[in-house]
Amino acid sequence: MAGSSATREKGAETDGWSVSWVDSRLVSVILGSLGVLTAATLLQVSFGAYPLTLSEAWRTVFDPQVIFHVDIWRAFLLGGEIPDWLTPQQLIVWNIRLPRILVGILVGANLAISGAIFQIVTRNELASPYILGISDGAGLVVLLTLTMFSGLVSWLPMLAAAGGAFAFLLVYAIAWKNGTSPIRLVLAGVIVGSVFGSVQRALFFFIDDLGIAMAAQTWLSGSLLGTDWEQVRIALPFTILALVLALAVTRQLDILLLGEKTARSLGMSVERVRFLVAGIAILSTAAAIAVAGLVSFVGLIVPHMVRNVVGGDTKRLLVGCLFVGPALLVGADVGARLALNPVQLPVGIITGLIGGPYFLYLMRKQENMGEI
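Residues numbered from 1 in each chain as written. Predicted model: local features only at pLDDT ≥ 70, side-chain atom pairs only at ≥ 80, totals over all residues. Heavy atoms only, no water.

Asker: It is not clear to me how the overall build of the protein should be interpreted in this structure. Could you clarify?
Answerer: When helices and strands are tallied, the protein shows 17 helices and zero strands. By principal-axis analysis of the C-alpha atoms, the protein measures approximately 65 × 65 × 40 Å. The proportion of buried residues among the 372 residues of the protein is 49%. Long-range pairs, those at least 24 residues apart, make up 75% of the contacts in the protein with a sequence separation of at least 6. As displayed, the protein offers around 17600 Å² of accessible surface, 66% of which is attributable to carbon and sulfur atoms. The distance from the centre of the 23 positive side-chain charges to the centre of the 22 negative ones in the protein is 9 Å. (Helix = DSSP H or I, 4+ residues; strand = E, 2+ residues; numbered from the N terminus. Buried < 20%, exposed > 50% of the residue type's maximum accessible area, 1.4 Å probe, protein only. Contact = heavy atoms within 4.5 Å. Areas by Shrake-Rupley, 256 points an atom, 1.4 Å probe, with all protein chains shown as cover. Lys, Arg positive; Asp, Glu negative; His and termini not counted. Charge placed at Lys NZ, Arg CZ, Asp CG, Glu CD.)

Asker: Whenever I open this one, the packing of helix α15 (residues 298-310) against helix α17 (residues 347-365) confuses me. Can you help?
Answerer: Packed helices, taken two at a time, are described by the angle between their axes plus the distance between the axes. Their axes nearest at 9 Å, the elements α15 and α17 cross at an angle of 55°. Considering their axes alone, α15 and α17 lie oblique with respect to each other. For the pair α15 and α17, the crossing hand works out as left-handed. Taken together, the residues of α17 that come into contact with α15 (itself represented by Val298, Leu300, Ile301, His304, Met305 and Asn308) are Thr351, Ile354, Gly355, Tyr358, Phe359 and Leu362. Of the residues assigned to the contact of α15 with α17, the class counts are eight nonpolar, four polar and no charged. (Axes fitted to C-alpha atoms, helices over the stretch in contact; angles between N-to-C directions. Parallel < 35°, antiparallel > 145°, perpendicular 65-115°, else oblique. Left-handed = near helix turned anticlockwise from the far one by under 90°. Nonpolar A, V, L, I, M, F, W, Y, C, P; charged D, E, K, R; others polar.)

Asker: Can you walk me through the nonpolar core in this structure?
Answerer: Grouped burial of nonpolar side chains is what soluble globular proteins tend to show. Counting residues in hydrophobic clusters, the biggest one holds 107 residues, and the most contacted among them are Val45, Val107, Ile117, Phe118, Leu253, Val302 and Cys321. Tallying contributions element by element places helix α6 (residues 88-121) first for this core, with 15 residues. If we skip the residues at most four places from it in the chain, valine 107 touches Ala288, Val291, Ala292 and Leu329. (Core = buried A, V, L, I, M, F, W, Y, C linked by side-chain atoms within 4.5 Å.)

Asker: Teacher, can you tell me more about the packing of aromatic side chains here?
Answerer: For any pair of aromatic rings, the description consists of the separation of the ring centres together with the inter-plane angle of the planes. Under the definition given, this model contains 13 aromatic pairs. Their ring planes at 85° and their centres at 5.7 Å tell us that tryptophan 73 and tryptophan 94 sit as a pair that is edge-to-face. With tryptophan 73 in helix α5 (residues 70-78) and tryptophan 94 in helix α6, this residue pair connects regions lying 21 residues apart in the sequence. The buried category is assigned to tryptophan 94, whose relative accessible area is 5%. Aromatic pair phenylalanine 118 and phenylalanine 168: ring centres 5.7 Å apart, planes at 40°, arrangement tilted. With a gap of 50 residues between them, phenylalanine 118 in helix α6 and phenylalanine 168 in helix α8 (residues 156-175) connect regions that are remote in the sequence. In this pair, the class of phenylalanine 118 matches that of phenylalanine 168, namely buried. An aromatic cluster is built from Phe118, Phe168, Tyr172, Trp176 and Phe275, whose rings are joined through pairwise contacts. (Phe/Tyr/Trp six-rings, centres within 6.5 Å; stacked < 30°, edge-to-face > 60°.)

Asker: What is the right way to look at the pattern of salt bridges in this model?
Answerer: Two side chains of opposite charge can pair, provided their charged atoms sit close to one another. One pass over the structure, following the stated rule, counts four salt bridges. Between arginine 74 and aspartate 71 there is a salt bridge; the shortest N-O distance is 2.6 Å. With arginine 74 and aspartate 71 both in helix α5 and three residues apart, the pair spans about one turn of that helix. On the basis of relative accessibility, which here comes to 42%, the residue arginine 74 falls in the partly exposed class. Across the pair arginine 100 and aspartate 333 runs a salt bridge, and its minimum N-O distance is 2.8 Å. Of the two residues, arginine 100 sits in helix α6 while aspartate 333 sits in helix α16 (residues 314-338), which places them 233 residues apart along the sequence. Summarising the burial analysis for this pair, arginine 100 and aspartate 333 share the class buried. Within the structure, one salt-bridge network assembled from shared partners comprises Asp23, Arg25 and Arg316. (Salt bridge = Lys/Arg side-chain N within 4 Å of Asp/Glu carboxyl O.)

Asker: Would you take a moment to explain the environment of phenylalanine 238 for this structure?
Answerer: Tracing the sequence through the fold places phenylalanine 238 in helix α11 (residues 229-248). C-alpha separation for the pair phenylalanine 238 and glycine 335, spaced 97 residues apart in sequence, amounts to 27 Å. Leave out the neighbours within four places in its chain, and phenylalanine 238 touches Pro157, Met158, Leu283 and Ala287.

Asker: What is the right way to look at α8 in this model?
Answerer: Each α-helix winds once per 3.6 residues, and so residues spaced three or four apart point in a common direction. Compared with an ideal rise of 1.5 Å per residue, which puts 20 residues at 28 Å, α8 spans 28 Å between its outermost C-alpha atoms and is within 8% of the ideal. Along α8, the positions that sit buried rather than exposed are Leu156, Pro157, Ala160, Ala161, Gly163, Gly164, Ala167, Phe168, Val171, Tyr172 and Ala175. (Expected span 1.5 Å × (residues − 1).)

This is the structure we're talking about:
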């Protein structure tokens, strides 16, 4: 009896631990983000050369005849032939407009998750793929591929990950002096990002085709214009892999937040874990950059927004970022598309306009910015 009671108590504790990270604040963040994402999706789907009312957009997006049809998803996700029984309205929404939204969801989730991981790994609340130079490193490789090695386009996420990894190692090497500090990492990131950004701009002098130059410039600004199911197929597998790995290392991230001395006292090989976890964030960043270009500030501001609501628990933070990131980016893309209609701005311009003032707000609000 005593043994069975102890077993029940242990099981209850285990069940409690498995759901203890879910609380009302996290649920509120998830529901609010889904509400924003749904509204932005309907607006995005409604506008265009073939306009729809909001009710028509709702019925088409959530049409069970399409959602639960295996052949359609096989065509979209594997590149097969689209069934010919789709109506023109269904074809426009599902084959032209929704892929842009899905790419925005993937990019927003990837940048938010990678930003949160980099802030934890470096224990620096100013860290993000963009500020640490990882985006510029990955971007340089992608730009080289698009302009000079177009035959390698199918390998973009892996090539971008290699560029981002090289940039991160370079930042860490520059910042290292008997250890690192939050400010040194940021300064090293600014240096590396500036150098790689200069090389990116220099490449334009070697591009003879004006169309390629314009496409590359749009890509450097961060844009979802012209994205389709091919970009979804490129980003989706790497996104799923990065998110699964990120959620699998939340315990290690929590330990890293305690500081290097405490982590070592608990038996953790800090540098090895730090670089392995950073690799997850780099893969996530690369998946976003490969399909949308250099979208700034999402990886910086989303973890701050989520942390201010749900607290510092890593699992809550990552799950919150998984929802807030897509809501922010898809919402920003609606603004980029409609602000100067019919001219469409790159979404990176809108996120920059949002992120810059928010960053200044953080600086004014907190006296000591830097180490978490």
